[in-house]
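# Topology and contacts: notes
Here is what each chain is made of, one letter per residue.
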Amino acid sequence: MTIALHTRPPVLVTQIPQLDAAPQYRPAEPSGGIARIVLPSGHLAYHLTRYEHVQQILTDARAIRSPCNAEDGASFLPTITPAEMLLNNDAPFHGRLRKVIAKDFSPAGVAELRERVVAVTQQRLELLPQAGEGADLFGLVLDEVPATVDCHLLGIDLADRAYYRPLSHTMQIASDEDVPELLRQFWAVYGYLTDLVTGARPTLPGGLIQRLVAGREESEPPLNDKELVGILIGVLVGGDQNILTVLTKALYTLLAAPGLWQTLVDNPALIPTAVEELLRLIPLGTISTFPRLASEDIDGPWGLIPAGSAIYADAFAANRDPDAFADPLVIRLDRQGPRHLQFGYGMHNCMGAALARLEITTVLQVLVERLPRLHLAVPAAELPWVHGIILRRPARLPVRWTVTH
Ligand code: HEM
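All figures in this text were calculated on a predicted structure; none of them were measured in a lab.

### Thoughts on the layout of surface pockets
- Taken as a whole, the largest pocket holds about 370 Å³ of empty space.
- Lining the largest pocket are 23 residues; nearest its centre among them are Phe76, Leu77, Pro78, Asp176 and Ile389.
- Across the lining of the largest pocket, the residue classes tally to 10 nonpolar, 10 polar and three charged.

### Description of empty space enclosed by the protein
- With the rule as written, the count across this model stands at three cavities of 30 Å³ or more.
- For the second largest cavity, the calculated volume is near 70 Å³.
- What lines the second largest cavity is simply Arg65, Cys68, Asn69, Ala74, Ser75, Leu77, Thr79, Ile80, Thr81, Asn88, Phe290 and Pro291.
- Here the residues of the lining of the second largest cavity sort into six nonpolar, five polar and one charged.

### Digging into the state of the cysteines
- For the structure shown, the criterion picks out zero disulfides.
- In this structure Cys68 is a free cysteine whose sulfur lies 19 Å from that of Cys350, the closest cysteine sulfur available.
- Overall, Cys68 belongs to the buried group, its relative accessible area being 4%.

### A short note on the nonpolar core
- Among the nonpolar cores identified, the biggest contains 95 residues, and Leu137, Leu142 and Leu251 are the most heavily contacted of them.
- Here Leu137 is in contact with Leu125, Leu128, Leu142, Leu251, Leu367, Leu371, Leu374, Leu397 and Val399, once residues within four sequence places are set aside.
- Judged by nonpolar contacts, the second largest core, of 19 residues, contains Val54, Leu58, Ala294 and Ala318.

### Focus: unusual backbone geometry
- A cis amide bond links Ala91 with the next residue in sequence, Pro92, at an omega value of 5°.
- Following the sequence through the fold, Pro92 ends up in the loop between strand 4 (63-64) and helix 3 (93-98).
- The omega torsion of the bond from Glu220 to Pro221 falls at -5°, within 30 degrees of zero and hence cis.
- A positive phi angle is found at Ala174, which is not glycine, with a value near 50°.

### As for the sheet that holds strand 5 (residues 135-136)
- The strand order 5-13-10 describes an open sheet built from three strands, whose pairing is antiparallel. Single-partner strands in this sheet number two, and they are strand 5 and strand 10 (375-376).
- Where strand 10 meets strand 13 (residues 398-400), two bridges bridge the pair, whose relative direction is antiparallel. Within strand 13, the position partnered with His375 by the bridge is Arg400.

### As for the pairing of strand 2 (residues 34-38)
- Burial analysis of strand 2 places four of its five residues in the buried class, the great majority of the element.
- Pairing analysis gives four bridges linking strand 1 (residues 26-31) to strand 2, with the strands arranged antiparallel. Within the sheet, the bridge partner assigned to Ser31 lies in strand 2 and is Ile34.
- The loop that links strand 1 with its antiparallel partner strand 2 comprises two residues; one of these, Gly32, has a positive phi angle of about 60°.
- Relative to strand 3 (residues 44-48), strand 2 is paired through three bridges, and the arrangement is antiparallel. Along strand 3, the bridge assignment pairs Ile37 with Ala45.
- The turn linking strand 2 back onto strand 3 is made up of five residues, and Gly42 within it adopts a positive phi angle of 95°.

### Observations concerning the coordination of the iron atom of the ligand
- Inspection of the coordination sphere of the iron atom of the ligand shows a single protein donor, Cys350 (SG), at 2.3 Å.
- Mapped onto the fold, Cys350 is located in the loop between helix 15 (315-318) and helix 16 (353-370).

### Brief notes about the side chain of Asp321
- Among the structural elements, Asp321 can be located in the loop between helix 15 and helix 16.
- For the buried Asp321, no salt bridge is present, and the opposite-charge side chain at shortest range is Arg50, 4.1 Å distant.
- A polar atom in the side chain of Asp321 sits 2.8 Å from the backbone nitrogen of Asp323.
- Contact partners of Asp321, with chain neighbours within four places excluded, come to Arg50, Tyr51 and Pro328.

### A short note on the pattern of salt bridges
- For the structure on display, the rule yields 17 salt bridges.
- The shortest N-O distance in the salt bridge between Arg370 and Glu126 comes to 3.4 Å. Here the residue Arg370 occupies a position in helix 16, and Glu126 occupies one in the loop between helix 5 (114-125) and helix 6 (128-131), the gap between them amounting to 244 residues.
- Classification of Glu126 by relative accessible area gives partly exposed; the value is 44%.
- For Glu181, the salt bridge identified is with Arg184, shortest N-O distance 2.8 Å. A residue pair is termed a helical-turn pair when its members lie 3 or 4 positions apart in one helix, as Glu181 and Arg184 do in helix 10 (residues 179-198) at three residues.
- For Glu181, a relative accessible area of 26% translates into the label partly exposed.
- Using a relative accessible area of 48% as the deciding quantity, one classes Arg184 as partly exposed.
- Beyond isolated ion pairs, a larger network of salt bridges with shared partners links Arg124, Glu144 and Arg161.

The rules behind the values
Residues numbered from 1 in each chain as written. Predicted model: local features only at pLDDT ≥ 70, side-chain atom pairs only at ≥ 80, totals over all residues. Heavy atoms only, no water. 1 Å grid on protein atoms, 1.4 Å probe; cavity = no way out; pocket = protein on both sides within 12 Å on 5 of 7 lines; lining within 4 Å. Points joined across faces, edges and corners; volume = space filled by probe spheres on them. Nonpolar A, V, L, I, M, F, W, Y, C, P; charged D, E, K, R; others polar. Disulfide = S-S within 2.5 Å. Buried < 20%, exposed > 50% of the residue type's maximum accessible area, 1.4 Å probe, protein only. Core = buried A, V, L, I, M, F, W, Y, C linked by side-chain atoms within 4.5 Å. Contact = heavy atoms within 4.5 Å. Helix = DSSP H or I, 4+ residues; strand = E, 2+ residues; numbered from the N terminus. Pairing = 2+ DSSP bridges. Donors = N, O, S within 2.8 Å, 3.2 Å for Na, K, Ca; no water. Lys, Arg positive; Asp, Glu negative; His and termini not counted. Salt bridge = Lys/Arg side-chain N within 4 Å of Asp/Glu carboxyl O. Polar contact = N/O pair within 3.5 Å; in protein donor to acceptor, adjacent residues only side chain to side chain.

Below is the structure:
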């Protein structure tokens, strides 16, 4: 196995057409020897890009989130979001909300969803032959998988997807071109979820929504509707769009460099490691974490960040830090590196990481088994993309294949 992996010419992530996005910030004058940037909100921010620095700042209790989610706050987003969302909370309030769903989103908690991921993927693959050569694997298969699994997890009627998915898509693109329309769509998703939580719209028994509502008194003080919606909106949107985005880009990367796909076909046991490597290199959109504010002076190996300054812990750059990852731009599907930071780090580390890993790994396992001779049907550089801040991915994946049973 090792020989097969190392005889291939190395593929650099920068060789994959369109994969890396242009940064959403502008360079600014350094201060105190620390790099700085200008965020889309106009704020100057200290820019930490080294692996160790990003890890350290993301676990520093003085680098806080809540002041960034204010009308005049340092942000990549054109709007603020509800204060109850996990990412907008700092210690100690954050822990009260996060612990409510910690078990459901642990690796053991999501494991039972694997069979459903397999079933939906297999089912959707049945549609490929009738679609014929050039079929869109994104629209026919990928686009259905996380959304369907997420409905099951939450206890939502599958028919509701037609209503909320276009809204959550807009929400993750988060374009500043029409902010009133962005806000309208955001509050429509929020209103939809509020109706599910309050019972104004029906939910299915056994789903996360009913379980969280039933268990709300176990929190101290009990969770109110807004807090439940603040937790669940991350599941409704992240459990669908975020997984779909990275799954699509991971598969696109493997197919854009066919030697990578062939490596997995020849070595399917490598898929979990390969997924970590692809995750290391592939962010959701054009940003990799949300800005923090220094609540007091923060002295560290980077220098001194004065109180009141904005900070961008750049996990995208840290994941390509040569001090942490040898030949960081090389896609090594068998890489045994340190833990990547694509899911963040510290108390805000991604709540859905285990679910994302499970779904991306499982879908790739099914595809490798069912479609070993899978190819893009058009040159990778010609594929259309959707560009957004938290969602950036190919809009279609036209493919050629030979199905095996
Ligand atoms: C591969 C897909 C995903 C990636 C790359 C990703 C990335 C991230 C990152 C980098 C953070 C931390 C941001 C920061 O510290 O500023 C985060 C937080 C979060 N993610 Fe994800 N995410 C993904 C999938 C998901 C899924 C599937 C869900 C829900 C089921 C989800 C829900 C959340 C929530 C709620 C937070 C905030 C956690 C907190 O503040 O405690 N994400 N994600």
